[in-house]
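One letter stands for each residue in the lines below.
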Amino acid sequence: MKTRQLGHHGPYVSAIGLGCMGMSDFYTTGVDEQEAIATLHRAVELGVTLFDTADMYGPHTNEALLGRVLRGKRDGIYLASKFGLVRSSDPHARGVNGRPDYIRQAIDGSLQRLQTDYLDLYYQHRIDPQVPVEESVGAMAELVKAGKVRHIGLSEASAETIQRAHAVHPLAAVQSEYSLWSREPERNGVLQICQRLGIAFVAYSPLGRGFLTGALKSAQDFAADDYRRSNPRFQADNFNHNLALVERVKALAADKGISAAQLALAWVLAQGEQVIPIPGTKQRKYLDSNVAATAVALSAGELAQLDGIFAAEGAVAGDRYAAHTMALLDG
């Protein structure tokens, strides 16, 4: 397994991590928990060392799953979790909380569920507009001093927020959605500020929530409770427009003798040594395929072809979240 560093002073982790959310939430119709558990074990066998979860996945059940499965395997495993997105009895409602007292409470809950004494990486899941980021990061820095957290990061933060936070305590990683069809980190300066400050960039949903694999043919492929039904990119005319783009990816992948998913992951990996994708899966066959993408090399011409499909602003139809969720993004 190739490795990449979590920031200038962080550990080296597998060049591709594992996003664990879908094992417990959002895409869970028909989930086979035993297969999900087998997938976690297989990831360890393949040399995947970065496992990504959050307290809001479930909520709480995803951390508990990882805690059960990875107990006794802590050496060489880098656990990342997040706080700050708050669920309620309304499955569609989201709150944001970056208050220091809440952070101190949240870490203890995560450590208990994950059955560990410390987290390797702790993210603020969303920036709280009511709390200066300096206060939130100051509380996270206290967790580092207390030994509960090794490194800290932010998720979906603007370039300005990243710079302010990094001045309080060094950030090891910034996590944001990034893929062939989600190019905002290139346009809003986040990739650039991470590179300048020596912060790893962790790309979630690098397969576009499964869309870039080419496996989805219609919005009707989703179960009635599938989270993607609420996302504009997956709806009506937007779906059909975007499907035409993916067909071009599939053609390029076929010419290269790889899958569309492997081509999409290879593109993310090619964006710089500071970029670490964390594709999510709950099945071993897809995990094996994703990990194999680390061996795929793309030429300058192939990268240019892919950029020709997706890079232009407006090339992709629809926002990546529904309006109420987009409103939670910093900046």
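Here the structure is a predicted model, which is why all the values come from computation and not from measurement. (Residues numbered from 1 in each chain as written. Predicted model: local features only at pLDDT ≥ 70, side-chain atom pairs only at ≥ 80, totals over all residues. Heavy atoms only, no water.)

Asks: Residue-level account of the sheet that holds strand E10 (residues 173–177), with values.
Replies: Taken in spatial order, the eight strands line up as E3-E4-E5-E8-E9-E10-E11-E12 in an open sheet, and their pairing is parallel. Two strands bound the open sheet, and with one partner strand each, they are strand E3 (18–19) and strand E12 (275–277). For strand E4 (residues 50–52) and strand E5 (residues 78–83), the ladder comprises three bridges, and the chain directions are parallel. Residue pairing in the sheet places leucine 50 in a bridge with tyrosine 78 of E5. (Pairing = 2+ DSSP bridges. Helix = DSSP H or I, 4+ residues; strand = E, 2+ residues; numbered from the N terminus.)

Asks: Report on the nonpolar core, specifying residues and quantitative values.
Replies: Core analysis: the largest hydrophobic core is formed by 83 residues, its most contacted members being Leu18, Leu40, Phe51, Tyr122, Ile162 and Phe310. The element contributing the most residues to this core is helix H9 (residues 260–269), with eight residues. When neighbours within four sequence positions are excluded, phenylalanine 51 is seen to be in contact with Leu18, Cys20, Leu40, Ala43, Val44, Leu66, Leu70, Ile77, Tyr78, Leu79 and Ala80. Formed by 23 residues, the second largest nonpolar core is a distinct cluster that contains Phe26, Tyr123, Ile276 and Leu328. (Core = buried A, V, L, I, M, F, W, Y, C linked by side-chain atoms within 4.5 Å. Buried < 20%, exposed > 50% of the residue type's maximum accessible area, 1.4 Å probe, protein only. Contact = heavy atoms within 4.5 Å.)

Asks: Describe in detail empty space enclosed by the protein, supporting the description with residues and values.
Replies: Sizing a probe to match a water molecule and rolling it over the atoms shows the empty space that remains. Taken as a whole and judged by the stated rule, the model has one cavity of 30 Å³ or more. Lining the largest cavity, in full, are Ile16, Gly17, Leu18, Pro279, Thr281, Leu287, Asn290 and Val291. The element contributing the most residues to the lining of the largest cavity is helix H10 (residues 284–292), with three residues. Its residues assigned to classes, the lining of the largest cavity comprises five nonpolar, three polar and no charged. (1 Å grid on protein atoms, 1.4 Å probe; cavity = no way out; pocket = protein on both sides within 12 Å on 5 of 7 lines; lining within 4 Å. Points joined across faces, edges and corners; volume = space filled by probe spheres on them. Nonpolar A, V, L, I, M, F, W, Y, C, P; charged D, E, K, R; others polar.)

Asks: So what's going on with the packing of aromatic side chains? Which residues, and what values?
Replies: Within this structure, the stated rule accounts for nine aromatic pairs. Consider the rings of tryptophan 181 and phenylalanine 234, whose centres lie 5.6 Å apart with planes at 80°: the pair is edge-to-face. Note that tryptophan 181 is positioned in the loop between E10 and helix H6 (184–187) and phenylalanine 234 in the loop between strand E11 (200–204) and helix H8 (236–256), a separation of 53 residues in sequence. Both residues of the pair, tryptophan 181 and phenylalanine 234, belong to the buried class. With centroids separated by 5.6 Å and ring planes inclined at 80°, the aromatic side chains of phenylalanine 211 and phenylalanine 234 adopt a geometry described as edge-to-face. Placement of the pair is phenylalanine 211 in the loop between E11 and H8 and phenylalanine 234 in the loop between E11 and H8, with a sequence separation of 23 residues. For phenylalanine 211, a relative accessible area of 1% corresponds to the buried category. For phenylalanine 234, a relative accessible area of 3% translates into the label buried. In this structure an aromatic cluster arises from ring pairing among Trp181, Phe211, Phe222, Phe234 and Phe239. One cation-aromatic arrangement involves arginine 74 over tyrosine 118; the distance from NZ or CZ to the ring centre is 4.3 Å. Of note, arginine 150 hangs over the ring of tyrosine 118, and the distance from its end group to the ring centre comes to 3.8 Å. (Phe/Tyr/Trp six-rings, centres within 6.5 Å; stacked < 30°, edge-to-face > 60°. Lys NZ or Arg CZ within 6 Å of the ring centre and 35° of its normal.)

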